[in-house]
Number of protein chains: 2
Amino acid sequence: MATQRILDFLATRRPDGPCLIVDLDIVEDNFNAFRKALPDSAIFYAVKANPAPEVLKLLAGLGSNFDCASVAEVEMALNAGATPRRISYGNTIKKERDIARAHQLGVALFAVDCVEEVEKVARAAPGARVFCRVLTDGEGAEWPLSRKFGCVPDMAIDVLVHANALGLVATGVSFHVGSQQTDTGAWDAAIADARFVFEALAEKGIVLTLVNMGGGFPTRYLKDVPAAAEYGRAIFASLRTHFGNRLPETIIEPGRGMVGDAGVVKAEVVLVSKKSDTDANRWVYLDIGKFGGLAETMDEAIRYPIVTRHDGGATEPCVIAGPTCDSADVLYEKTPYPLPLALTVGDEVLIEGTGAYTTTYASVAFNGFEPLRSYVI
Amino acid sequence: MATQRILDFLATRRPDGPCLIVDLDIVEDNFNAFRKALPDSAIFYAVKANPAPEVLKLLAGLGSNFDCASVAEVEMALNAGATPRRISYGNTIKKERDIARAHQLGVALFAVDCVEEVEKVARAAPGARVFCRVLTDGEGAEWPLSRKFGCVPDMAIDVLVHANALGLVATGVSFHVGSQQTDTGAWDAAIADARFVFEALAEKGIVLTLVNMGGGFPTRYLKDVPAAAEYGRAIFASLRTHFGNRLPETIIEPGRGMVGDAGVVKAEVVLVSKKSDTDANRWVYLDIGKFGGLAETMDEAIRYPIVTRHDGGATEPCVIAGPTCDSADVLYEKTPYPLPLALTVGDEVLIEGTGAYTTTYASVAFNGFEPLRSYVI
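These numbers come from a predicted model, not from an experiment. (Residues numbered from 1 in each chain as written. Chains lettered and ligands numbered in written order. Predicted model: local features only at pLDDT ≥ 70, side-chain atom pairs only at ≥ 80, totals over all residues. Heavy atoms only, no water.)

Observations concerning the nonpolar core
The biggest cluster of nonpolar side chains holds 112 residues, and the ones touching the most others in it are Tyr45, Val55, Phe66, Phe110, Trp187 and Ile351 of chain A. Examining the composition of this core, we find that 8 residues originate from one element, helix H8 (residues 187-203) of chain A, more than from any other. Ile157, Met298, Ile306 and Tyr361 of chain B belong to the second largest nonpolar core, which has 110 residues in total. (Core = buried A, V, L, I, M, F, W, Y, C linked by side-chain atoms within 4.5 Å. Buried < 20%, exposed > 50% of the residue type's maximum accessible area, 1.4 Å probe, protein only. Helix = DSSP H or I, 4+ residues; strand = E, 2+ residues; numbered from the N terminus.)

Have a look at this one:
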């Protein structure tokens, strides 16, 4: 997944220290694949996955909309050329003064998942459109999905009725099937829930129009994942099953699926050692770890492909760890990672599929190490 | 643990957004308590715990030495007024060019835990003093201690012999009993291991002189912890038991114990809600979470005291989560946290014991949220 452009950049620029290189051509390919897979759905790129200005500008030019988690992200999307009407403030947890700032900037679409949040939106962004997030179980997702966002469908009915009563436009339902979702059928139950809420609101004379189907579209790490087209077919079939001929407007919010495979981290082997003469595994220490951008290795959730110049030779299972003086800064240990026996101190490695959820997760300066640099080409 | 000075600062300055306030008087008290508890041990402050320039300057002035994890931290210690001889490059994972830079800056004491690292130090910092880290089991520590650092004592012998052969000064042994170590007896087994290595080296004509007893000294969170004096007594007793009248030079490396209780995070309740009408727990969302500085809530390892203006009233177990659109950004859920029923949106809360391992763990800008600001007073 390291494209020729990325390899050429590394060969000519030879940046020192760990860094991420993002190839915009891949981002554009991914955008087009989503557009083709779900031609009737609006694409709202999840800015949090990678907010690099070049990425946002490319997507704004291609016609993408933007799912923002904060006022800062709203401003990034506007700076990239998006109009406020192409922005969704998709975080269900917002300070009232942040809602007011987004409203001032022209944002008119907000996520909610409880009556308390509806009241904030009604005060700070009168007349805005709101969608209510419902809980899903996250089955099939590789990044853990907690109960943090959303409410049960029964409560979503009350939330939207309350929004309507307070003068907001009760617009629809959203959900998220869990990040790195490899089951194309995972959207079905949530679409059925959305239909349930649509019907309950219709009985109260409130017509919902929007289903925000969230993100969850995966990046290929070590295992193959279904293509965007397969997700499109499965999701469209579920919409037909549950909504028949009266299809709602739909939104998808790809983040990882848009930029994950567009980025490669260049890192360096700092040390290879054993803990005792009889140790079964070698320890390989890199100059990037959990606090330098690879936070998604938490609980070994995301397992990145690692490319070395020795690939093809004999391998040995290794524990892989980061460079900080923190015991928790270990990437893969429960399931050791096969790496070439010939791998040695000073070798460069490429960590693929790192375009999403890396640069912004990096700590400010843990152990004095600078945050992950990024080059967008 | 929010001192009057901190409360006065908050009342008069009223900083917006989440922030850490550190009271230097407490840092000074802690330094003096360590000096009194172990008067014959040199104190090497673990810079990574909180590298605020004001903290480093205070400690440099009090006569502290510095345990550094990177060249950047070495430079911070030098800028704070430490001489290079008061600095230990305590990270066992170092690039050879970083060793060379530290050597150029005058640093002459380096940690190693394998032959490969010894070779780098011998090339990049010829003639330097090295100590070899041995593994401990971390029993009794609240922050997980992995096998990431150190080697078995038998291997430490080979490592130090190799260092001596390459012209380095084989100086001693280090270990770490695990962060937030609440068992004052935890140092005993490791001191016995150090003695074993000292004896084995002596038989080969190499005289070790230094035992680096690491950090691990706790901060009081919700439970009481033993005072520095109790650690001092237990550690000194172990040194006597294992080294008799020929006590080695010793080093301690407090980080959390030096600054943890000197800091308080001021945060704000952004949302309080339930997921369904029958939900047993309320969800309380703060404007700071796992990616904004409270990374040590990982696996609910560190449980901070939270002070609200409603304390004393009726409480209910709550799930506490951060403000980002990340499902993993939940602080306490497995063991819900009792918070006042009266707690509501907009309330300010104080998260105590947050002087260590917070500001530097904060992400650069995850979800667009700025890193944790800090005020040192």
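Some details on the relation of the copies chain B and chain A
Of the transformation superimposing chain B on chain A, the axial component is 0.0 Å and the angular component is 180 degrees, with the fit at an RMSD of 0.0 Å. Such a combination of turn and shift is consistent with a two-fold rotation axis. Proximity to the rotation axis, assessed at the C-alpha, singles out Ser363 of chain B in chain B; its C-alpha lies 2.0 Å from the axis. A symmetric contact is evident, with 100% of the interface residues of chain B recurring at the interface of chain A. (Least-squares fit on C-alpha atoms with pLDDT ≥ 70 in both. Contact = heavy atoms within 4.5 Å.)

Some thoughts on the UniProt feature "active site" (unreviewed entry) in chain A
All names here are of chain A. Within this numbering scheme, the UniProt entry marks Cys325 as carrying the feature "active site" (unreviewed entry). Turning to its location among the elements, Cys325 is positioned in the loop between strand E13 (315-321) and strand E14 (330-340). We classify Cys325 as buried; its relative accessible area is 18%. (UniProt positions renumbered as here; feature names shortened; annotations may be inferred.)

Considering helix H6 (residues 115-124) of chain A
Every buried residue belonging to H6 of chain A is among Glu117, Val118, Lys120, Val121, Ala122 and Ala124 of chain A, and all of these are buried. At its buried positions, H6 of chain A is contacted by helix H5 (96-104), strand E5 (109-112), strand E6 (129-133) and helix H7 (153-165) of chain A together with strand E10 (263-273) of chain B.

A short note on the interface of chain B and chain A
Contacts between the two partners involve 75 residues from chain B and, on the opposite side, 75 residues from chain A. The interface formed by chain B and chain A includes 14 salt bridges. For Lys148 of chain A, the salt bridge identified is with Asp329 of chain B, shortest N-O distance 3.6 Å. Between the two partners, chain B and chain A, sit 36 residue pairs in polar contact (both at pLDDT 80 or more). Of all elements in the fold, only helix H4 (71-79), helix H6 (115-124), helix H7 (153-165), E10, strand E11 (282-286) and strand E14 (330-340) of chain B reach the threshold of two or more residues within the side of chain B that touches chain A. With 5 residues, the top contributor of residues to the side of chain B that touches chain A is E10 of chain B. (Salt bridge = Lys/Arg side-chain N within 4 Å of Asp/Glu carboxyl O. Polar contact = N/O pair within 3.5 Å; in protein donor to acceptor, adjacent residues only side chain to side chain.)

Examining the UniProt feature "modified residue: N6-(pyridoxal phosphate)lysine" (unreviewed entry) in chain A
Mapped onto this structure's residue numbering, the UniProt feature "modified residue: N6-(pyridoxal phosphate)lysine" (unreviewed entry) falls at Lys48 of chain A. Along the chain, Lys48 of chain A falls in the loop between strand E2 (41-46) and helix H3 (53-62). Given a relative accessible area of 11%, Lys48 of chain A falls into the buried group. In this structure Lys48 of chain A touches Asp67, Glu73, Tyr357 and Thr360 of chain A together with Cys325, Phe366 and Asn367 of chain B, once residues within four positions along its chain are discounted.

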